[in-house]
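If you want the building blocks of each chain, they are given just below.
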Amino acid sequence: MEKLPKVALPVIFVAVVLIILLAKSAVTIGSGEAGVLYKTFDNGVVTDAPPLGEGFHIIAPWNKVIVYEVRQQELFEKMKVLSSNGLEIQIDASAWYEPVYKDLGNLHQSLGENYLQRVIQPAIRSAARSVVGRYTPEQLYSSKRDAIQDEIFEETKVILSKQFVQLNEVLVRDVTLPNTIKDAIERKLKQEQESLEYEFRLVTAAKEAEKVIIEAQGKAESNRILSASLTDKILQDKGIDATIKLSESPNTKVIVIGSGDSGLPLILGNQ
C-alpha cells in the first residue's frame, strides 16, 4: 500500500502529458472550413499541398493549423465617390467572394487572415471610384446602374486575379445623390417625359389627318370616275329597270310611263 503512490505518480504524469499532446495534436475542421498547416520546424506554412479538409486530423503537437472559412461570403460596402462632374455620390454595394481553396496556403502566407481588409475592400473601393467617375449623376440615377455594377465587378476581379481570392458577384443596391441634384434630375426627367408625350400626340394627330385626306381623295376620285361613266344611255336603261321592278310590286295599281324633259321615264303610281 505504501508503494502504490510512488508507482501511480509517474503513471499519472505520463497520462497527463499524453492527454496534453493529444489535445494539441487533434484538430477538427468544421463544415465549410479548411485548415492551413504551419510546420514549426519545417519551412513554416505548407503551400505545396492541399489544405486540410473537413473532419478530424492528427498533426504533430509542435505544428499549428489555421482555420479559414472557404464558403462564399458577403461584404457590404457604403462608398462615397465622385461623379464625372465632381459631385459626391454614395454607393451601397455588396460583394460575394471566397478564398481560392487550392491556394489557401499561399493566401495565408502572403495576406493572412485579414485578407478581406487588406485586398478585397480596397479593390472594390478603387474600382467603384474609377467606374463612377466616368458617369454623370443623371446617368447613375436613371439608366446606368446595371452598367456600373458590371463594370465594378470586372475591374475588381482584375485587381484580385493574383490575390488568391475569387470574386463571384458585385451588386449595387442603391445610388444616393444629394437631394438638390436628385430633385433637379426628377424635374428634368418629368419634363422630358411630358415633351415625348406631346410629340407623340402631334404625330398621332398628323397621321389621323393624313388618313382623312387620303380617304376623302379616294372618295372624290371614285365619284369622278362614276360620273364620267354615267352616259344618257346608261341613265335611261337604269330608269327602265327601275320602272319594271316597280310595276312588279303587288302594291302598285296604276302605272303611267312617259318621257320627261330629261329623257328618263316618268312614273306615277297609286297604291
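The structure we're discussing is the one just above.
All values reported here derive from a predicted model rather than from experimental measurement.

### Examining the pattern of salt bridges
Thinking step 1. One pass over the full model with this rule turns up seven salt bridges.
Thinking step 2. Note that Asp103 and Lys102 form a salt bridge whose closest N and O atoms lie 3.3 Å from each other.
Thinking step 3. Judged by its relative accessible area of 17%, Asp103 falls in the buried class.
Thinking step 4. Lys102 gets classed as exposed once you look at its relative accessible area, which sits at 61%.
Thinking step 5. In the salt-bridge network here, residues are joined through shared partners; they are Arg134, Glu151 and Glu155.

### Re the nonpolar core
Thinking step 1. With 39 residues, the main nonpolar core has Ile91, Tyr97, Tyr115, Ile120, Ile148 and Val175 as its most contacted residues.
Thinking step 2. Contributing elements (two or more residues each) for this core: β2 (33-39), β5 (64-69), β6 (73-82), β7 (88-99), α2 (104-110), α3 (115-132), α5 (145-159) and β8 (165-176).
Thinking step 3. Here the element with the most residues in this core is α3; it accounts for ten residues.
Thinking step 4. When sequence neighbours within four positions are dropped, the list of residues in contact with Ile120 reads Leu75, Tyr97, Tyr115, Leu160 and Val165.
Thinking step 5. Counting residues in hydrophobic clusters, the runner-up holds seven residues, among them Val27, Ile29, Leu37 and Val65.

### As for α5
Because an α-helix packs 3.6 residues into every turn, residues spaced three or four apart end up facing the same way.
Thinking step 1. In this model, α5 (15 residues) spans 21 Å end to end at C-alpha, consistent with the 21 Å of a helix rising 1.5 Å per residue.
Thinking step 2. Taken as a whole, α5 has its buried residues at Ile148, Gln149, Ile152, Phe153 and Thr156. Taken around the axis of α5, the buried residues stretch over an arc of 135°, which confines them to a single face. What points out from α5, more than 90 degrees from its buried face, is the exposed set Asp146 and Val158.
Thinking step 3. In this structure, the buried residues of α5 make contact with β7, α3, α4 (137-141) and β8.

### Concerning the pairing of β6
A regular strand places its side chains on the two faces of the sheet in alternate fashion.
Thinking step 1. Of the two faces of β6, the one lined by Gln73, Leu75, Glu77, Met79 and Val81 is fully buried and the one lined by Glu74, Phe76, Lys78, Lys80 and Leu82 carries no buried residue.
Thinking step 2. Sheet topology places β6 next to β7; ten bridges connect them, and they run antiparallel. The residue of β7 that forms the bridge with Val81 is Ile89.
Thinking step 3. Counted between consecutive antiparallel strands, the loop separating β6 from β7 contains five residues, among which Gly86 sits at a positive phi close to 85°.

So, how was this worked out
Just so you know, the residues in each chain are numbered from 1, in the order the chain's sequence is written. The predicted nature of this model means local features are confined to residues of pLDDT at least 70 and side-chain atom pairs, given and counted, to a pLDDT of 80 or more, with totals for whole chains, interfaces and linings taken over all residues. Remark: hydrogens and water are excluded; side-chain values derive from all non-hydrogen atoms of the structure. Salt bridges are defined by distance alone: a side-chain nitrogen of Lys or Arg within 4 Å of a carboxyl oxygen of Asp or Glu. Note on exposure labels: buried denotes an accessible area under 20% of the residue type's maximum, exposed denotes more than 50%, and partly exposed covers the range between, all computed with a 1.4 Å probe on protein chains only. Nine residue types can take part in a nonpolar core, namely buried Ala, Val, Leu, Ile, Met, Phe, Trp, Tyr and Cys, and a core is a set of them joined through side-chain atoms within 4.5 Å. Strands are runs of DSSP state E lasting at least 2 residues, helices are runs of H or I lasting at least 4, and numbering of each runs from the N terminus. In what follows, a contact means two residues having at least one pair of non-hydrogen atoms within 4.5 Å. Helices are assigned an expected span. That span is 1.5 Å times one less than the residue count. Along the arc lie the directions from the helix axis toward the C-beta atoms. In short, DSSP must find at least two bridges between two strands for them to pair.

Function cannot be inferred from these measures alone, as they are strictly geometric.
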